[in-house]
Amino acid sequence: METVEVNSVSLKRPRSEDDVVNADEIKRQKILEKSKAENDSGQSIENVTEQPEDTKSEIIPTEESEEQEEEELEDSDEDGDPESFADMMKHGLTESDVGITKFVSSHKGFSGILKERYSDFVVHEIGKDGRVSHLDDFSVPVDDEDPSEETFTVLSDEDKQRLEELQLFKNKETSVAIEVIEDTKEKRTIIHQAVKSLFPGLETKTEDRDGKKYIIAYHAAGKKALAKVRTATDPRKHSWPKSRGSYCHFVLYKENKDTMDAINVLSKFLRVKPNIFSYMGTKDKRAITVQEIAVLRITAQRLAHLNKCLMNFKLGNFSYKNHPLKLGELQGNHFTVVLRNITGTDEQIEQAMHSLREIGFINYYGMQRFGTTAVPTYQIGRAILQNNWNEVMDLILKPRPGAEKGYLVKCREEWAKTKDPAAALKKLPVKRCVEGQLLRGLLKYGMKNIISAFGIIPRNNRLMYIHSYQSYVWNNMVSKRIEEYGLKAVPGDLILKGATAVHIEEGDVDNYTIHDVVMPLPGFDVIYPKHKIGEAYKEMLVADNLDINNMRHKIRDYSLSGAYRKIIIRPQNVNWEVVAYDDPKIPLFTTDLDKLEGKPLPVLPTDGKFRALKMEFSLPPSTYATMAIREVLKMDTSIKNQTQLNTTWLR
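Please read all numbers here as calculations on a predicted model, not as lab measurements. (Residues numbered from 1 in each chain as written. Predicted model: local features only at pLDDT ≥ 70, side-chain atom pairs only at ≥ 80, totals over all residues. Heavy atoms only, no water.)

### Points about the nonpolar core
Here is step 1 of the chain: Counting 102 residues, the largest nonpolar core has Phe454 and Met615 as its most contacted members.
Here is step 2 of the chain: A total of 12 residues in this core trace back to one element, the largest contributor, which is helix H17 (residues 459–485). (Core = buried A, V, L, I, M, F, W, Y, C linked by side-chain atoms within 4.5 Å. Buried < 20%, exposed > 50% of the residue type's maximum accessible area, 1.4 Å probe, protein only. Helix = DSSP H or I, 4+ residues; strand = E, 2+ residues; numbered from the N terminus.)

Here is the structure:
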C-alpha cells in the first residue's frame, strides 16, 4: 500500500499578513525542507494496518550494493529544486478532492501543530487478545541450549568480515580458516557455535595445519545452502532444540522508522532474509511505535545482542512460540498524541473531546491513501479497472508538477521526449521505485505488452492503486450519505449481521444507530443501500466508465470483491489533558524506553508560554488517526492545505 507521511503538520487557520511577515522564516523554511525530504520517502503517519486482500508481508530483497547506493541517494538532498515545497504542493490534493468534506461534531474548530516532533505521536499495538504491546523487559529467556555470551565476542571484526563475504559468496574463496589461539576444546566449541549461529548457511570443521589448530568454515551444499536456511520445511540440522517454539516473538520499539525498513535493518544485522519475519500490521515512520514481531529460528539471545548496536530501535519482551504472526490479527492500535501550540479555549477543547468520545468521527480513508503528487493513486486504479493500460503507463511515467526528487523529474522528462524505457531508466539511479520497476518491465516485455510490464511491480503495490480507487468512491459516497440523511440510521441503510450485510427495514429502524451503519467499497460481492445513495454509487461508476454490476476484471488480481466499512468510528479509551510548556523541544510524556532507562517525568511549568493538548485513544485496524484529529481540530489535514496557510511552523 502506498502511503504518505505528513510531517509536523501545522493544523492552523490562515493568519493575518502581519503574522506572516513577523514569522521566523528561516525556521519555517527548514521545516518545509525537512517535510519535503521526508514526504518523498512515502511513509505513513497513520494507523494504516489494513492490507489488500490475500496479500503477504513479504519484503523483496535486492542486491545489497544496489540497495546501499539507493539508500544513499534517497537520503541525499542533492536534487534540491528552486521551487519551494509550498509552491510545489499547490499541485497536490486537498481533502475535498478525495471526498472528505463532512464533520459530525458541532464545536468550533481551533489550531494546533501535529507531529512537531516525531515523539509527539506514539503508537502501541493492540494484539488479538486485547493486550497492548509495551516494551518493559530486556531479559532473555533462560535456555541451557543457548550458546554462551562469549559466542558473540570470540570472533574478531576481520574474521566476521571474511565470514560474511564467504556466506554471501562475495569472493572466490570456498572456505575461511580461523586460527585457534588458545587451543582448548571449550575454545574450539565456542568458535564453532559462533560461526554457525552468526552466519547461517555455513558449516565448520577442525583441521591441523603446521602444528596449529584451525576452524574451517565452508558452505556445506554450495550456493543453495543459504537459500535453504531458516525455513520451516528444511531447518538446518542440529540448529534448534525440539522443545523450543520455532518462532521468537519480541516487542520492537522504534523511533522515526517504518516497520519494513526496521525489518530490513534487522535482517542485515542478523544476515538472514527479511521474509522470515512476520508482524500483524505496519506502523508509522514519523512516530514512536511499539509492536510485536515474530522471527523464525533466531534466538532471543542473538536479538537482544542487537540492542548494543542498533540506533533508534530496541528489542525486548522475548518469548518462544510455535506460530508466526499474521497480518490483520491485531485488534487495533492505541495512540498517544500531542497537539502543540493549540489556540482553542478550554471550553472548545472539552466540547471537541467529548464529541470524539461520545459520537466519534467519520471513518474516511486518510489523505496518504491517495498520494501527494498531481497524479493521485486512485486515477491509476481507475485506469486499471477500465483496462486502459496505455493510460496506466502514462499516468505513472508522465511528467507531473509537484514535490519529487530531481532524478524522477529527469526520468519523466526523458520518457516524455523519447518514449524509450532504456533511456528513461538511465536517468533513474533508484530502480526500486514504481517508475523504475515499470520501465524495467517495458524493457523486458516491450511497449505492446504493458500488462506484463506492469506485472513486474510487486503485487501489493499494484493492488494499492485499485484499493485507492475503492477508497475514493467510498469517501465520496459517505459524504453524500451524511449530507442526505444526517447522523441517524434510516431505512435502506446497511448493517452487518455477522459477516453478512442486510438492509434496515422500516419497522426495524429504531433498533439501530449510526454506529451500526456500514457502507460498501464497490465490488462484485457486495450489496448497496436501497435509498438514494445506492443510485449515487451507480452514477459515480458510470461517470468513470465502469459497470457496478460487473466488477470482475479479466485479470483475476484486479477483480474487486468489495468489502464493508463502518461509516462512524467511536474511539475507545479516550483521555485528554491540556498542559503548558515553554520549550517546544522538551517531551511532554515519558515513553516505554524512558521508563526502562529510569528517566524522570518532564517538569512542566504551570503558566508556560504555550499550551498543548495531550490525547489518548484506541482505534480498530484500518482506521486513520488523522481523521480523528481532523474531527477535533475541524481542519483540512492535506499537505497542500497546510503548506498554503502560511503558518508559523516553529516560533
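### Notes on the pairing of strand E13 (residues 494–497)
Remark: a regular strand shows side chains that alternate across the two faces of the sheet.
Here is step 1 of the chain: Where E13 lies against strand E14 (residues 500–503), four bridges are found, and the strand directions are antiparallel. By the bridge assignment, Leu496 is partnered in E14 with Ala501.
Here is step 2 of the chain: The antiparallel pairing of E13 with E14 creates a hairpin that spans two residues between the two strands, and Gly498 there sits at a positive phi of about 70 degrees.
Here is step 3 of the chain: Relative to strand E15 (residues 517–521), E13 runs antiparallel, the two being bridged by two bridges. Across the sheet, residue Ile495 finds its bridge partner in E15, namely Val517. (Pairing = 2+ DSSP bridges.)

### Digging into the pattern of salt bridges
Here is step 1 of the chain: According to the stated counting rule, one finds 26 salt bridges in the structure shown.
Here is step 2 of the chain: Put simply, Glu577 and Lys614 hold a salt bridge, and the shortest N to O gap is 3.3 Å. Within this pair, whereas Glu577 is found in strand E18 (residues 572–581), its partner Lys614 is found in strand E19 (residues 610–619), the two being separated by 37 residues in sequence.
Here is step 3 of the chain: If you follow the salt bridges from partner to partner, you end up with Asp129, Arg131, Glu292 and Lys321 in one network. (Salt bridge = Lys/Arg side-chain N within 4 Å of Asp/Glu carboxyl O.)

### Points about the packing of aromatic side chains
Here is step 1 of the chain: The final tally for this structure, using the stated rule, is 14 aromatic pairs.
Here is step 2 of the chain: Relative to Tyr624, the ring of Tyr365 has its centre 6.0 Å away and its plane inclined at 70 degrees; by these criteria the two rings are edge-to-face. On the criterion of sequence distance, the pair formed by Tyr365 in the loop between strand E12 (361–362) and helix H11 (377–385) and Tyr624 in the loop between E19 and helix H20 (625–633) is long-range, its members being 259 residues apart.
Here is step 3 of the chain: Ring pairs connect the aromatic residues Phe370, Tyr378, Tyr469 and Tyr472, which therefore count as one cluster.
Here is step 4 of the chain: When the ring centre of Tyr581 is taken as origin, the NZ or CZ atom of Arg340, which lies over that ring, is 5.2 Å away. (Phe/Tyr/Trp six-rings, centres within 6.5 Å; stacked < 30°, edge-to-face > 60°. Lys NZ or Arg CZ within 6 Å of the ring centre and 35° of its normal.)

### What about helix H8 (residues 259–270)?
Here is step 1 of the chain: Compared with the 16 Å implied by 1.5 Å per residue over 12 residues, the 16 Å span of H8 between its first and last C-alpha is a close match.
Here is step 2 of the chain: Regarding H8, the residues found buried are Thr259, Ala262, Ile263, Asn264, Leu266, Ser267 and Leu270. (Expected span 1.5 Å × (residues − 1).)

### Some thoughts on the packing of helix H13 (residues 406–418) against helix H15 (residues 434–445)
Here is step 1 of the chain: Packing of H13 against H15 leaves a shortest axis separation of 12 Å and a crossing angle of 35 degrees. Viewed along their axes, H13 and H15 form a crossing whose handedness is left-handed. Contacts between H13 and H15 pair Leu408, Cys411, Arg412 and Trp415 from the former with Glu435, Leu439 and Leu442 from the latter.
Here is step 2 of the chain: When grouped by side-chain class, the residues that make up the contact of H13 with H15 number five nonpolar, no polar and two charged. (Axes fitted to C-alpha atoms, helices over the stretch in contact; angles between N-to-C directions. Left-handed = near helix turned anticlockwise from the far one by under 90°. Contact = heavy atoms within 4.5 Å. Nonpolar A, V, L, I, M, F, W, Y, C, P; charged D, E, K, R; others polar.)

In short, shape yes, function no, at least from these values alone.
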